[in-house]
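# Summary of structural features
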2 protein chains.
Amino acid sequence: MKVTVLAGATTKFGELWDFSPRVLAQQVTAQVLKESGLAKNKIEAVFVGNMLSSSLGNQDHLGAFFSEELGMNVPAVKIEAACASGGMAVHLAALSVISGQYKKVLVLGIEKMTDYKPEMVNSALMGASSDAERETGATFAALYALIARAHMEKYRTTEKEMAQVAVKNHYHASLNSHAQYTVPLTLEAVLKSSVVASPLKIFDCSPISDGAAALILSSEKNTGSDIYIAASAPSTDTLGISQRDDLTSLKSAKIASRLAFSQAGVGPADIDVAEVHDCFTIAEIIAMEDIGFFEKGAAARAIYEKKTWLNIGRPVVNTSGGLKAAGHPVGATGVKQVVEIYKQLKGIAGKKQVKSSRIGLTHNVGGTGATCVIHILKKN
Amino acid sequence: MKVTVLAGATTKFGELWDFSPRVLAQQVTAQVLKESGLAKNKIEAVFVGNMLSSSLGNQDHLGAFFSEELGMNVPAVKIEAACASGGMAVHLAALSVISGQYKKVLVLGIEKMTDYKPEMVNSALMGASSDAERETGATFAALYALIARAHMEKYRTTEKEMAQVAVKNHYHASLNSHAQYTVPLTLEAVLKSSVVASPLKIFDCSPISDGAAALILSSEKNTGSDIYIAASAPSTDTLGISQRDDLTSLKSAKIASRLAFSQAGVGPADIDVAEVHDCFTIAEIIAMEDIGFFEKGAAARAIYEKKTWLNIGRPVVNTSGGLKAAGHPVGATGVKQVVEIYKQLKGIAGKKQVKSSRIGLTHNVGGTGATCVIHILKKN
């Protein structure tokens, strides 16, 4: 696979009460058009990654909605795969340019979540889980708490090690002006924060966010950009965690990573920078192990010892601040991850720049791993 | 474009209160697997066309949901483009096999609509229209009534001519055991039926339906099947009809048809059989003109004179009974149209078989034409 990234941008993430989805889409699209130097009539199709517009906003027909708003009136479609909607939109956009049907496409990941009552948002988000899980009244925090307990039991992972994931990601986010939270956190603050679903505390959890992210992709040669998608691999697993053999790993992430490494012809040791789906701190620890950055059971300690911190170790993980601190507008997340890696490889990631990054990876999860999409980007 | 159709099937359409979406998906998938002779582990990805699972069923993550239910656990995604969700799912599935990422994919169009209160269904469906239209309290019947009035005014189209579309499609549906309504209608019955939004009467409108349709697509050579997709072309227009220059035509349908004919290297006169989006009778008349089967203003009279009826004229239009009489489970419709053309070209369409059909077309519309997807199928 060789799909060139011509431009990438995000809006600020956060509680953006002053901005409608229309305005967020316009902002971020104007940015990628400007960056790529393309007139908007050069865009041949629009792929919208979004999860909640229907259940929260009573807005379906989201492809046509945004293509009209952006004045593009080209083929347009909404792609939904829960919190992996953004990664899946990148995947299908990439395949569409490889197929030859479209030369240049816009991928728009977008979500507006903070305008609704928390119980509405929670109910809508649980639309991504299994019926049985919903019937128990479980939230995603509760489900990931079960996963955390299993991991603690099996691998002696501690609450302090999990807390360190939040400390790292808030530190990285403090260098990212588009992050939802730009104030660093201490280990003590995480450990003393309110319990949401034991052992997960509020600072172990990613927030509810608004935001948009956009990419322009092309499979043409000689585009002037030297950053390309070298692998795009989705996988699925059961919706419910009770159907699975092992709670301490996401099978979908392991399968998708293996496929992606094979497509790109590289391995975990080749990755300089990665954005992974840290919806909860335990999720980042498990992601490190599923992708193969560390041996099973060794990731929590490695993160605690700062082996994935900016200017300390490799790969540097979640330079954007991750979902945890940069924010998690669900349909935007998978697109934002690719944008961040693109910026890192291009050398325009600002204060959070990882020096001499040439290969990066994104890991975008839907639900508790029923979907996982892995992308690998390279610099020519 | 050359994407082979290995199999196609639908469930019965109608008020299927005894069948859950799970059961409908299983039924139709079992049929296409059986017909293609493929084991289910040969399917490499699942594309689900659906509009309302989120707003009506609080079920997101629909790709993973069905891949688990079908025991496939392969990459899976939901595609949404309002009532063109099915056509858009076929489009992206086709591009995905052309890209080389997947060898064989399942397209599943599915909708469950009759389990909910009519006002809920109506509100959810209006999620496909513009904000301004919703604020007026308009329904899609009201919007298409405005379109019908404009067409009547400009081209002297009559209520009797519109009624004849329903008579034809109910006649065709009487030959289709999977149709929602299998009892023929008379012109008098249509004309005397209750007014919904003048000039549209209840028998000018397609029903609320449950149902599923499935296809297996591949871009491999020597598959044993001689039916293939020769063109796949979507287009978009404004969500709202008030933004358009002309109410008597859908610009998206004209653009997508032109593209599709160019891709397939054929013209309107080459089409033997077509399934078009007759959500209301006036919509079929306009579709005939937008695709180019008849001159602008001439289609109503041509249909009235039975030029698109089985065993009388060419192209034969809506042999399945169309949305009007076979039913309109919105996310399934675009897939079902391709299934019907596949069966016609293969010569397995039963009592409604159009003799020596070699080239067929489908026309799937979202909203009042904000999305249109055209497919052209050929027999080798």
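Not measured: the values here are computed from a predicted model.

Thresholds, definitions, all that
- Residues numbered from 1 in each chain as written.
- Chains lettered and ligands numbered in written order.
- Predicted model: local features only at pLDDT ≥ 70, side-chain atom pairs only at ≥ 80, totals over all residues.
- Domains from an automatic or database assignment.
- Contact = placed C-beta atoms within 7 Å.
- Helix = DSSP H or I, 4+ residues; strand = E, 2+ residues; numbered from the N terminus.
- UniProt positions renumbered as here; feature names shortened; annotations may be inferred.
- Core = buried A, V, L, I, M, F, W, Y, C linked by C-beta atoms within 7 Å.
- Buried ≥ 20, exposed ≤ 12 C-beta atoms within 10 Å, placed from the backbone.
- pLDDT = per-residue confidence, 0-100.
- Least-squares fit on C-alpha atoms with pLDDT ≥ 70 in both.
- Axes fitted to C-alpha atoms, helices over the stretch in contact; angles between N-to-C directions.
- Parallel < 35°, antiparallel > 145°, perpendicular 65-115°, else oblique.
- Left-handed = near helix turned anticlockwise from the far one by under 90°.
- Nonpolar A, V, L, I, M, F, W, Y, C, P; charged D, E, K, R; others polar.

Take the domain arrangement of chain A next. Residue and element names in this part refer to chain A. According to the domain assignment, chain A consists of domain 1 (3-117 + 210-218) and domain 2 (137-207 + 227-379). Taken together, the contact pairs 36 residues of domain 1 with 33 residues of domain 2. Only β1 (3-10), α4 (85-98), β4 (104-111) and β7 (211-218) provide two or more residues apiece to the side of domain 1 that touches domain 2. With eight residues, the top contributor of residues to the side of domain 1 that touches domain 2 is α4.

As annotated in UniProt, the feature "domain: Thiolase C-terminal" (unreviewed entry) corresponds to residues 235-379 of chain A in the numbering used here. Counting secondary structure, residues 235-379 of chain A comes out at 37% helix and 17% strand; the distance between its end C-alpha atoms is 25 Å.

Once that is clear, we can look at the interface of chain B and chain A. Listed by partner, the interface residues are 43 residues for chain B and 43 residues for chain A. Elements that contribute at least two residues to the side of chain B that touches chain A include exactly α2 (53-57), α3 (62-69), β3 (76-80), α4 (85-98) and β8 (227-236) of chain B. By residue number, the principal contributor to the side of chain B that touches chain A is α3 of chain B, which donates six residues.

Of all hydrophobic cores here, the largest spans 278 residues; its most connected members are Val107 of chain A together with Val107 and Leu215 of chain B. With residues near it in sequence (within four places) discarded, Val107 of chain B still touches Phe47, Gly49, Ala89, Val90, Ala93, Ala214, Leu215, Leu217 and Val335 of chain B.

Residues and elements named next belong to chain B. The residue Gly321 is located in the loop between β10 (316-317) and α13 (322-326) in this model. Taking the C-beta count within 10 Å as the criterion, Gly321 has 28 such neighbours and is therefore assigned buried. Residues Gly321 and Lys117 lie 204 residues apart in sequence; the distance between their C-alpha atoms is 26 Å.

This part covers the confidence of the model for chain A. Model confidence for chain A is summarised by a mean pLDDT of 97, while 100% of its residues fall at 70 or above. Confidence estimates for the predicted assembly give a pTM of 0.98 and an ipTM of 0.97.

The next thing to look at is the relation of the copies chain B and chain A. The relation between the two chain copies is a rotation about an axis coupled with a shift along that axis. Mapping chain B onto chain A calls for a screw motion: a turn of 180° about the axis and a shift of 0.0 Å along it, with 0.0 Å RMSD after fitting. What the superposition gives is, in effect, a two-fold axis relating one chain to the other. A symmetric contact is evident, with 100% of the interface residues of chain B recurring at the interface of chain A.

Residue and element names in this part refer to chain A. Between helix α10 (residues 251-264) and helix α11 (residues 281-291), the least distance of the axes is 8 Å, while the angle of their chain directions is 40°. Between α10 and α11, the angle is such that the two are oblique. Relative to α11, α10 is oriented so that their crossing is right-handed. Judged by residue contacts, Ala253, Lys254 and Ser257 of α10 engage Ala287, Asp290 and Ile291 from α11. When the residues that make up the contact of α10 with α11 are grouped by side-chain class, the tally is three nonpolar, one polar and two charged.

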